[in-house]
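What follows is each chain in one-letter form.
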Amino acid sequence: MKDVVVLVGTGSIGQAIARRVGAGKHVVLGDLKLEAAHAAAQIFESAGFETSTIAVDISSRESILKLVEHAQSFGAVKNLINAAGVSPSQAPVAAILKVDLYGTAVLLEEFGKVIADGGSGVIISSQSGHRLGALTAEQDFQLAPTPTEELLDLPFIKAITDTLKAYQYSKRCNVLRVMGQATPWGKRGATINSISPGIIITPLAADELKGPRGEGYRNMLKASPAGRVGTPDEVGDLAEFLMSSRGRFISGADFLIDGGTTASYFFGDLQYLKTTH
Ligand SMILES: NC(=O)c1ccc[n+]([C@@H]2O[C@H](COP(=O)([O-])OP(=O)(O)OC[C@H]3O[C@@H](n4cnc5c(N)ncnc54)[C@H](O)[C@@H]3O)[C@@H](O)[C@H]2O)c1
């Protein structure tokens with residue numbers, strides 16, 4: 001039996017993180033698209049990692065429970081990486097909420113029951129959640145501890161009608177659920193944190209930059225403090241630190257990694273976006 005790393009969502013961000021924490025462990029590669037998991041497995045195996053693949057739909061608790069069972073069959077689950085998600089241009093409101101909001105909450109809950117002592121987890125949220133204005137204290141409180149099966153029935157979640165808002169509420173909820181789960185994960189000797197990236201070049205983001213909204217994105221990046229996009233490896237480096245022995249005092253926290261874009265959106269040259277994004 002080996003220590004096990006579970007990666008859900010085998011795109012470039014997830015892969016960058018798993019490569020940094022997967023050496024000497026068994027790496028479970030789970031994705032809605034089994035072919036994406038297989039493609040990642042080929043890359044990992046050819047770089048010396050031990051892997052297995054599994055089709056997972058995080059919007060289904062049953063599917064997540066199968067993933068937990070699969071992972072435990074290889075050993076103790078030491079790390080969870082959630083880099084699965086759908087973006088505002090990829091899916092309708094209901095699907096975004098079911099995958100990004102509910103699915104992430106169920107993953108946190110179910111892996112929080114089995115995570116090994118000394119373990120750690122990272123959830124990929126988004127800078128987009130930081131652009132949502134402040135919620136009420138009651139809404140914040142509801143998003144954190146409401147039982148997962150009741151989350152999608154919260155009246156202010158049911159009232160969401162556009163995909164960007166669905167994505168933003170989901171990503172805000174990810175951060176709050178991580179705070180809520182820090183206690184049960186801590187009781188098992190494990191840490192759990194979220195990372196909120198800005199635009200990171202993945203095949204998906206590259207398409208966006210070439211697509212109809214591309215010019216707007218390029219202007220935003222040029223005017224941002226860093227003046228460029230981010231890379232999956234930069235997110236991987238941050239996640240590696242959080243999941244390493246140096247990160248043991250960090251739990252229930254969110255880390256914005258966006259080249260200063262959010263700061264500029266509120267107080268700098270990017271304030272003009274407030275009316276459009
Ligand atoms: N790329 C960016 O600029 C950026 C910025 C901020 C946040 N993010 C977030 O990072 C995460 C990873 O994004 P990415 O850019 O690597 O995209 P990606 O599309 O390359 O990877 C996401 C993966 O999630 C999988 N997936 C989708 N729905 C799923 C489901 N129901 N169950 C299991 N797997 C599912 C997809 O098949 C895909 O392989 C997402 O949560 C995204 O919201 C990305």
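Refer to the structure printed above.
Trainee: Which parts of the structure should I look at to understand the overall build of the protein chain?
Mentor: When helices and strands are tallied, the protein chain shows 13 helices and 7 strands. What you see for the protein chain is a C-alpha radius of gyration of 18 Å, in line with the 19 Å of a compact globule of 277 residues. Considering only C-alpha atoms, the protein chain reaches an extent of 55 × 40 × 35 Å along its principal axes. Of the contacts formed within the protein chain by residues at least 6 apart in sequence, a portion of 75% connects residues at least 24 apart.

Trainee: Is there a simple way to think about the site of the ligand in this case?
Mentor: The environment of the ligand is made up of 30 residues, and the closest members are Gly9, Gly11, Ala84, Gly85 and Thr202. Residue composition of the shell around the ligand, grouped by class: 17 nonpolar, 10 polar and 3 charged.

Trainee: Teacher, can you tell me more about the sheet that holds strand S1 (residues 4-8) here?
Mentor: Within a sheet, each strand pairs with its neighbour through backbone hydrogen bonds, oriented either parallel or antiparallel. If you walk across this open sheet you meet the 7 strands as S3-S2-S1-S4-S5-S6-S7, and the pairing is parallel. Edge positions in the sheet fall to strand S3 (50-55) and strand S7 (254-257), since each of these pairs with one other strand and no more. Taken over all neighbouring pairs, the strand axes of this sheet differ in orientation by 20 degrees on average, direction set aside. Two strands pair when backbone bridges link them, and strand S4 (residues 77-82) and strand S5 (residues 120-124) are joined in this way by 4 bridges, in the parallel orientation. Each bridged residue has a counterpart across the sheet, and for asparagine 79 the counterpart in S5 is serine 120.

Trainee: Please clarify how the nonpolar core should be interpreted in this entry.
Mentor: Across soluble globular proteins, nonpolar side chains show a tendency to be buried alongside one another. Membership of the largest hydrophobic core comes to 62 residues, with the highest contact counts inside it found for Val6, Leu7 and Ile17. Here this core gets 10 residues from one element, more than from any other, and that element is helix H4 (residues 93-111). In this structure, leucine 7 is in contact with Gly14, Ala18, Val27, Val28, Leu29, Gly30, Ile81 and Ala83, ignoring residues within four places of it in sequence.

Trainee: Hey, could you run me through the pairing of S4 in this one?
Mentor: Both faces of the sheet carry side chains from a regular strand, because those side chains alternate between them. When you tally the buried positions in S4, you get 6 out of 6 residues, the bulk of the element. For S1 and S4, the ladder comprises 5 bridges, and the chain directions are parallel. Paired with valine 6 across the bridge in S4 is leucine 80. Tracing the backbone out of S4, into H4 and back to the parallel element S5 gives a crossover that is right-handed.

Trainee: What exactly am I supposed to notice about the pairing of strand S6 (residues 191-197) here?
Mentor: Taken across its 7 residues, S6 has 7 buried, putting it largely inside the fold. Of the two faces of S6, the one holding Thr191, Asn193, Ile195 and Pro197 and the one holding Ile192, Ser194 and Ser196 are both buried throughout. Where S5 and S6 come together, 5 bridges link them in parallel fashion. Considered in S6, the bridge of isoleucine 124 is made with isoleucine 195. Pairing of S6 with S7 involves 4 bridges; the strand directions are parallel. Residue pairing in the sheet places isoleucine 195 in a bridge with phenylalanine 255 of S7.

What counts as what
Residues numbered from 1 in each chain as written. Predicted model: local features only at pLDDT ≥ 70, side-chain atom pairs only at ≥ 80, totals over all residues. Helix = DSSP H or I, 4+ residues; strand = E, 2+ residues; numbered from the N terminus. Rg over C-alpha atoms; globule rule 2.2 N^0.38 Å. Contact = placed C-beta atoms within 7 Å. Near = placed C-beta within 6 Å. Nonpolar A, V, L, I, M, F, W, Y, C, P; charged D, E, K, R; others polar. Pairing = 2+ DSSP bridges. Axes fitted to C-alpha atoms, helices over the stretch in contact; angles between N-to-C directions. Core = buried A, V, L, I, M, F, W, Y, C linked by C-beta atoms within 7 Å. Buried ≥ 20, exposed ≤ 12 C-beta atoms within 10 Å, placed from the backbone. Right-handed = clockwise from strand over helix to strand, strands pointing away.

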